[in-house]
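An overview of the molecular structure
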Amino acid sequence: MNSTAKDIRNAITDKISRYFAVTPAEATAEQVYKATVLTVRDKLAEKNKAFRDQSKDRKKVYYMCMEFLLGPSLRMNIFNLGLTEVYSQVLSEMGFSLENICEMEQDPGLGNGGLGRLAACFMDSLATMQYQARGFSICYEYGLFRQKTVDGEQLELPDIWLPSGEAWLVPRQDRSVRVRFGGRVEENWNNGRLEITYRDYDEVEAVPYDMFVSGYHSKAVAPLRLWKAKGIKNFNMEAFSQGQYLKAVEDNTIAETLTRVLYPADNHHEGKLLRLSQQYLLVSASLQNILLAHIEQYKTLDNLPEKVAIHINDTHPALVIPELMRLLVDVHNYSWEDAWRMTVATVSYTNHTVLPEALECWNEDLFRFKLPRIYMIIKEINRRFCAEAWEKFPGNWDKIDRMSVLSHGQVRMANLSVIGSHKVNGVSKLHSDILKNTVFRDFDDAFPGKLTNVTNGIAHRRWLCLSNPRLSALLDECIGTGYRTDASQLEKFATFADDASVCERLSQIKRANKEDFAAFIRRTTGEIIDPASMFDVQVKRLHEYKRQLMNALYIASLYVNLKRDPSLDVTPKTFIFGAKAAPGYYIAKDIIRFICYLAADINKNPLTRDKLKVVFLENYCVSLAERLMPAAELSEQISLAGKEASGTGNMKFMINGALTLGTLDGANVEMAEAVGPDNIFIFGHTASEVDELWKKGYSSANYYNSNSDLKAAIDSLQAGYNGRSFSDIANYLLYSYGVSDPYMCLADFAFFTEAHRVADRKYSDIGAWNRSSAINIAKAGKFSSDRSIKEYAENIWGMGKDNG
């Protein structure tokens, strides 16, 4: 944007005066931070209005997700606007540094893991590529939790983000809507039309707040509309006057609980009701907004599928399908047949998992109690679908039951999502193939061509250009700046893989980034890590299938061998972990405890600490990842083959020049195809081999008894680390009731160990390592979210190559 230093200085001064009633000389750093945010927000609001006005007739895409893991916005938005130097100059003249001001921003508590981070990357690409797009989610008062580890125990503290984040939010009370829960529904036919009457229901007001996501050097802005629940009942003055202060505000407090916390614990009845209510609040409020805006522009909903695409990211927003039916039939008087045709043509769905526990289901009685009208609509959707399925597959009750939305007292949201969408995609080639051959095989038979693939991607402008300025400066010099908007141009960098001077600069950049990260860790945690050691990194949500446990067992094996012989010739390594475990996921918490105690034991041992260091990073988040990714050298992507849908952390490490050590799972498969076998360390059983192992009868004890290093590592769990035994983990791996070692850590351990040996050998040849690093950077362009969005737009949303 054309903004001079004078314009920005005047804008910041005006905000400081208007909102804080002080002069710039009197302003605190926090006041300057908020004033700076408000000036950027104003610029984005102006751009948003101008872009919407000039492109209002284009098809629009609405992207629904329960979480958007945005990360800090100030530095990113200023960068995308091309105003970094100007803001830096102005703030410096005011006695502040842009870097310090940006560091005051906390990560927004609007997301948790890969699902939310993908959604955030897509918003960046949608804006940069100038699509008419809007995201919808919830304005959580608190994020998932702020992680603290004390003596290895994960503690969950409130994630309070609004004090630094609310300046980004633009309240839109003019677009508030009402959402109903519970009660009774009465059906009456009047002149051939079904009339619905609601009685004894609870009602809340959904108030929208807009947060703007800028495109890079583009005209577009992608607004994210976040819903906050608000009670609608008047303050109970009578109860207050009688001293019943809690009762006076009880109704409104209960309503506002709906948007209090991201992913509330659902291991009890109240938690399940709260999660279901959150999901319905999101879809009902969003759809009411979408249809109102459409009618305001076109005066009809008849052309909804031609002008609107609604995408549901995972099953959390699957209630879009019955809620859109409710609005079309009950409110806008469409016939069932026309409403269903419009719904299916408008909605599309991304599946993110093959894990049975993650394929969302609701207890039918609970669902009927909380959402009676939606339950009635789902029941009718299911009745009609099963009748059609019977025509296609006569007599095949088992097949029809597997596809049914209602079955065995459960409401199956994945089945609803497939039935009610015109396209369904997986997020990597392997994942999509698994969906077609297993989870959704019956649907692939019923709806040939409905299932497709769009491999995930990352916002390379954040994860390369912004997070790694040293590397992006080298790329600018070698291949120009075109890759910033066209990531496929990174391929040009492959010609420099054999250029010794460029590879030497890559090595220098990596070392400088490692030194920066080591200094940051020492400043913030007191931990001392050696930048001369290899940085071996595994950062992701803690889950058994991601196999942080196998990595920890390998470290334990190394430690046992080093204690036996401290003179062993090993590559000095710093193993870096970052992971949150869900509050009720006790085995995951136990693994964190094991990693922390193992780290404490290793790090205090004078015989080994020069060769081996383990660090567990608390409260892993986007802002921490932005510092870590550029410093990482070995990226651990070691999930059990067939379990990881795609992964995006693997792509972020790759584009920053780290080499991947991983299984043939998720997007690792496509990464391996892109870089070639010499530039990635692939190990372990394939997805088909894993299936064969299960069929033959997997016995973890066989691997334990046949591998001396593995046996020593597991035996060491009995004795324990830093004064604590981990016999429970040893029992989990060997003697569990049911299935021992359910994610085959022991089956892949020998392959994992050998892959590390191969990686260590390459690391000892710095020229070979840097060459592979250059190849990884050059081949990472395929994994940009710009490519993903282009495929969604052209193949799923029907928005074509002209951006709608």
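Refer to the structure printed above.
Computed from a prediction, not measured in an experiment: that's the story for all the values here.

1. Looking at the overall build of the protein chain
Looking only at helices and strands, the protein chain features 34 helices and 23 strands. Against the compact-globule benchmark of 28 Å for 804 residues, the protein chain has a radius of gyration of 27 Å, which places it among compact chains. The principal-axis extent of the C-alpha atoms belonging to the protein chain is close to 90 × 75 × 65 Å. Out of the 804 residues in the protein chain, the part that is buried amounts to 60%. Taking all contacts inside the protein chain whose residues are at least 6 apart in sequence as the whole, residues at least 24 apart take part in 76%. Summing over all exposed atoms, the protein chain offers an accessible surface of approximately 31,500 Å²; the carbon and sulfur share of this is 49%. In the protein chain, the 95 positive side-chain charges and the 100 negative ones have mean positions that sit 3 Å from each other.

2. Let's talk about the sheet that holds strand S18 (residues 534-539)
The strand order across the open sheet built from six strands is S20-S19-S18-S21-S22-S23, with neighbouring strands paired in parallel fashion. Whereas interior strands pair on both sides, the edge strands pair on one side only; in this sheet they are strand S20 (612-617) and strand S23 (681-682). As paired elements, strand S19 (residues 573-578) and S20 share six bridges and run parallel to each other. The residue of S20 that forms the bridge with Ile576 is Val615. Where helix H22 (residues 500-525) meets the sheet, its contacts fall on S18, S19 and S20, and the angle it forms with S18 comes to roughly 65°. Those strands touched by helix H24 (residues 586-603) are S19 and S20, and its axis lies near 140° from that of S20.

3. Looking at the nonpolar core
Ranked by internal contacts, the top residues of the largest apolar core, which has 150 residues, are Ile12, Leu74, Ile310, Leu319, Phe367, Phe440 and Trp797. Examining the composition of this core, we find that eleven residues originate from one element, helix H10 (residues 269-298), more than from any other. Excluding anything up to four places from it in sequence, Ile12 contacts Ala35, Thr36, Thr39, Tyr87, Val90, Leu91 and Met94. In terms of nonpolar packing, the next biggest core, distinct from the first, is built from 69 residues, Ala579, Ile595, Cys596 and Val614 among them.

4. Thoughts on the layout of surface pockets
In this structure, the second largest pocket spans a volume of roughly 700 Å³. Lining the second largest pocket are 27 residues, with Arg52, Lys60, Arg134, Arg175 and Ala293 positioned closest to its centre. Elements represented by at least two residues in the lining of the second largest pocket include exactly helix H2 (29-54), strand S1 (60-64), strand S2 (132-138), strand S9 (202-214), strand S10 (221-230) and H10. Considering every element that reaches the lining of the second largest pocket, the biggest residue donor is H10, with seven residues.

5. A closer look at the sheet that holds strand S14 (residues 406-407)
The strand order S13-S15-S14 describes an open sheet built from three strands, whose pairing is antiparallel. The strands lining the two open edges of the sheet, one partner per strand, are strand S13 (361-363) and S14. Bridge count between S14 and strand S15 (residues 410-412): two bridges; the pairing is antiparallel. Bridge pairing in S15 places Leu406 opposite Val411.

6. A look at helix H33 (residues 766-779)
Taking 1.5 Å of rise per residue, 14 residues should cover 20 Å, and H33 covers 20 Å from first to last C-alpha, within 8% of that figure. Taken together, the buried positions of H33 are occupied by Trp769, Asn770, Ser772, Ser773, Ala774, Ile775, Asn776, Ile777 and Ala778.

7. Some points on empty space enclosed by the protein
Evaluation of the coordinates by the stated rule reveals four cavities of 30 Å³ or more. Computed from the structure, the largest cavity encloses a volume of approximately 150 Å³. Looking at the lining of the largest cavity, its residues break down into eight nonpolar, five polar and three charged. Roughly 80 Å³ of internal volume is contained in the second largest cavity. Together, 13 residues line the second largest cavity, and Lys540, Gln637, Ile638, Ser639 and Glu644 are the ones closest to its centre.

8. Structural notes on helix H15 (residues 372-392)
Relative to the 30 Å expected for 21 residues at 1.5 Å per residue, H15 spans 30 Å between its end C-alpha atoms, a close match to the ideal helical length. Among the residues of H15, those classed as buried are Pro372, Arg373, Ile374, Tyr375, Ile377, Ile378, Ile381, Asn382, Phe385, Cys386 and Ala389.

9. Examining the side chain of Asn456
Its place among the elements puts Asn456 in the loop between strand S17 (451-453) and helix H20 (460-466). Residue Asn456 is classed as buried on the basis of its relative accessible area of 5%. Among the polar contacts made by the side chain of Asn456, one reaches the side chain of Ser646 at a distance of 3.5 Å. If we skip the residues at most four places from it in the chain, Asn456 touches Leu118, Val427, Ser646, Gly647, Thr648, Met651, Arg787 and Ser788.

10. Re the packing of aromatic side chains
Here the structure, examined in full by the defined rule, presents 27 aromatic pairs. Ring centres 6.5 Å apart and planes at 5° place the aromatic pair Phe443 and Phe447 in the stacked group. With a centroid separation of 6.1 Å and 45° between ring planes, the pair formed by Phe594 and Tyr721 is classed as tilted. One end of the pair, Phe594, is in helix H24; the other, Tyr721, is in the loop between helix H30 (708-719) and helix H31 (727-734), with 127 residues separating them in the sequence. The class of Tyr721 is buried, set by a relative accessible area of 1%. Every member of this aromatic cluster is reached through a ring pair, and the members are Tyr63, Phe68, Phe122, Tyr792 and Trp797. One cation-aromatic arrangement involves Lys450 over Phe447; the distance from NZ or CZ to the ring centre is 4.0 Å. When the ring centre of Tyr559 is taken as origin, the NZ or CZ atom of Lys563, which lies over that ring, is 4.4 Å away.

11. Details of unusual backbone geometry
A positive phi angle, close to 50°, is found at Tyr263, a residue other than glycine. Topologically, Tyr263 is positioned in the loop between helix H9 (245-256) and H10. Although it is not a glycine, Met744 sits at a positive phi angle of roughly 55°. Note that Met744 resides in the loop between H31 and helix H32 (745-763).

Thresholds applied
Residues numbered from 1 in each chain as written. Predicted model: local features only at pLDDT ≥ 70, side-chain atom pairs only at ≥ 80, totals over all residues. Heavy atoms only, no water. Helix = DSSP H or I, 4+ residues; strand = E, 2+ residues; numbered from the N terminus. Rg over C-alpha atoms; globule rule 2.2 N^0.38 Å. Buried < 20%, exposed > 50% of the residue type's maximum accessible area, 1.4 Å probe, protein only. Contact = heavy atoms within 4.5 Å. Areas by Shrake-Rupley, 256 points an atom, 1.4 Å probe, with all protein chains shown as cover. Lys, Arg positive; Asp, Glu negative; His and termini not counted. Charge placed at Lys NZ, Arg CZ, Asp CG, Glu CD. Pairing = 2+ DSSP bridges. Axes fitted to C-alpha atoms, helices over the stretch in contact; angles between N-to-C directions. Core = buried A, V, L, I, M, F, W, Y, C linked by side-chain atoms within 4.5 Å. 1 Å grid on protein atoms, 1.4 Å probe; cavity = no way out; pocket = protein on both sides within 12 Å on 5 of 7 lines; lining within 4 Å. Points joined across faces, edges and corners; volume = space filled by probe spheres on them. Expected span 1.5 Å × (residues − 1). Nonpolar A, V, L, I, M, F, W, Y, C, P; charged D, E, K, R; others polar. Polar contact = N/O pair within 3.5 Å; in protein donor to acceptor, adjacent residues only side chain to side chain. Phe/Tyr/Trp six-rings, centres within 6.5 Å; stacked < 30°, edge-to-face > 60°. Lys NZ or Arg CZ within 6 Å of the ring centre and 35° of its normal.

Interpretation in functional terms is not warranted from these geometric data alone.
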